[in-house]
Amino acid sequence: MNGATVVVVGSGGREHALCLSLDASAKVETIHCVPGNAGTAQLATNHALDVKVDAVIDLVVELEADLVVVGPEAPLCEGLADACASVGIPCFGPVAALAHLEGSKLHAKQTMETAGVPTAAYVRLDEESDLEAALDAYSGEPWVVKRDVLAGGKGVVVTSDRAEAKSFIQSSIASDGFVLLEAFLPGEEASMLVVMDGTAYRTLPASQDHKRAYDGDEGPNTGGMGAYCPAPVVSASVHEKIIQRIVEPMHEHLSNQEIPYRGVLFIGLMIDQHDDPYVVEFNVRFGDPECQVTLPLLKTDMYSLLHGAATDGLADVELELHAGSAVTVVLASEGYPASPIKGRSLDGLASLVSKTTYGQAWVNFAGVSTDANGMFIASGGRVLSCTALGEDLLSTQQSAYQLMSKIELEGGHFRTDIAHRAIH
Ligand code: AMP
Ligand code: GLY
């Protein structure tokens, strides 16, 4: 058989990581990215299209793609996997009805209730609700308020300020009709990526993201400032509980749908002081930057894994892992996350392009473009991340920071404590 043609949808560090892993597969001949970034351009053909279902379908049909891999959630919620099914092209990523697990927090809560999966108690609030009584009922810990929309990480407020909680509840009800108020879960967060289809599931090693902008978990929430994998908070016994209480019931539920879930389920977890896991959120895609530290630890051929899940063939794919750890540190533009300044030059990056394939340390491009002279410039909030793979976490962390020290971006910032929870 000729090598496969794969189309990767998305433009971030996650999609660059997916391209790196697919490029390493002997089964893949050509990779295309929609729209991709300056990093994917080195491995794939980028297509500067708006990520709209019709445009992507026209392209994948024209390319006679063997597999479509969808990075972000929005095209899945808009029905890209459904449209791929209708033209007979395998898609890694669930159909819209199941992508709704991420698109609607209320739907996710109701699904967890049906499947008996542990999560925080919540109440749905609308114009008729007594807000003061609800705030009283959930007082004592910070209030957790969640909008029921895809809000790119901006739909959740966790605050001990009652006035702030109330005002976010009121503005959310005004714009969306209702909002969720959720019990605060204390503990340590972890991310678990579970590849699944109608026949099987495969759990990838757990990782930990760093969501706050600054060291010591200070500052505003971001898309993620760095990650490491595996995360020791998910010990063997915690892992077992996650499988029994969360993964098995969710797979049972999702594989019994009319069209089974074919893709990766991202389980955002809180592990409490008794080592009991609770679901904070579901996403229907790889995490970014979790993907950048999880994929390099997989020995399993990436095309076989993703194509297997897209075609209900996962039962035949065995997961094999490398020993060791991976760390990634995100470089963000000045002003990120509120209002990133874009267009500044990335000095030192050009000499590291050879470091965009797996090795000891490499660069995952995210918001990186080239200017009219072909020079790399920062074109996004999260610009790139320096990733390292190694035997022990401390030296791996050091390799990632060493690589970062070679890149300069005026006003750029990165956390200096990625993986601190696991390094004592
Ligand atoms: P979400 O978009 O649901 O993942 O929420 C964003 C972030 O808010 C999470 O990563 C947690 O840090 C925090 N969070 C969400 N729900 C809770 C909760 N019930 N208890 C504590 N923290 C939460
Ligand atoms: N890093 C968290 C996310 O991708 O949602």
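The preceding data block contains the structure.
Fair warning: this is a prediction, and the values are worked out from it, not measured in the lab. (Residues numbered from 1 in each chain as written. Chains lettered and ligands numbered in written order. Predicted model: local features only at pLDDT ≥ 70, side-chain atom pairs only at ≥ 80, totals over all residues. Heavy atoms only, no water.)

Enquirer: Help me out: how do you make sense of the pattern of salt bridges in this one?
Expert: Should the charged atoms of two oppositely charged side chains come close, the side chains can pair. Applying the stated criterion across every chain, the model contains 23 salt bridges. Between Arg162 and Asp136 there is a salt bridge, and its shortest N-O distance comes to 3.0 Å. With Arg162 in helix 8 (residues 162-176) and Asp136 in helix 7 (residues 131-137), this pair connects stretches of sequence that are 26 residues apart. Between Asp312 and Arg262 there is a salt bridge, with the nearest N and O atoms lying 2.9 Å from each other. Taken together, the residues span a long stretch of sequence, with Asp312 in the loop between helix 11 (302-310) and strand 18 (325-332) and Arg262 in the loop between helix 9 (236-255) and strand 16 (263-271) at a distance of 50 residues. With a relative accessible area of 25%, Asp312 lands in the partly exposed category. Ionic contacts of the salt-bridge type, sharing partners, join the residues Lys105, Glu189, Lys211 and Glu281 into one network. (Salt bridge = Lys/Arg side-chain N within 4 Å of Asp/Glu carboxyl O. Helix = DSSP H or I, 4+ residues; strand = E, 2+ residues; numbered from the N terminus. Buried < 20%, exposed > 50% of the residue type's maximum accessible area, 1.4 Å probe, protein only.)

Enquirer: Would you mind going over the site of ligand 1 with me for this structure?
Expert: Looking at ligand 1, there are 15 residues lining it, with Glu182, Leu185, Glu189, Lys211 and Glu281 nearest. In the environment of ligand 1, an oxygen atom lies 2.9 Å from a nitrogen or oxygen atom belonging to the side chain of Lys146. Here a nitrogen atom of ligand 1 sits 3.0 Å away from a polar atom, N or O, in the main chain of Ala183. Starting from 470 Å² of accessible surface for ligand 1 in isolation, the protein chains cover 89%. Of all the secondary-structure elements, those providing two or more residues to the shell around ligand 1 are strand 7 (143-146), strand 8 (156-159) and strand 17 (277-283). When grouped by side-chain class, the residues that make up the shell around ligand 1 number 9 nonpolar, no polar and 6 charged. (Near = heavy atom within 4 Å. Polar contact = N/O pair within 3.5 Å; in protein donor to acceptor, adjacent residues only side chain to side chain. Areas by Shrake-Rupley, 256 points an atom, 1.4 Å probe, with all protein chains shown as cover. Nonpolar A, V, L, I, M, F, W, Y, C, P; charged D, E, K, R; others polar.)

Enquirer: Hey, could you run me through the packing of helix 1 (residues 13-23) against helix 11 in this one?
Expert: Packed helix pairs are specified by the crossing angle of their axes together with the interaxial distance, meaning the distance between the axes. Relative orientation of the contacting elements helix 1 and helix 11 amounts to 110°, with a least axis distance of 7 Å. One finds that helix 1 runs roughly perpendicular with respect to helix 11. Where helix 1 approaches helix 11, its residues Leu18, Ser21 and Leu22 are matched on the opposing element by Met302, Tyr303 and Leu306. The residue makeup of the contact of helix 1 with helix 11, split by class, is 5 nonpolar, 1 polar and no charged. (Axes fitted to C-alpha atoms, helices over the stretch in contact; angles between N-to-C directions. Parallel < 35°, antiparallel > 145°, perpendicular 65-115°, else oblique. Contact = heavy atoms within 4.5 Å.)

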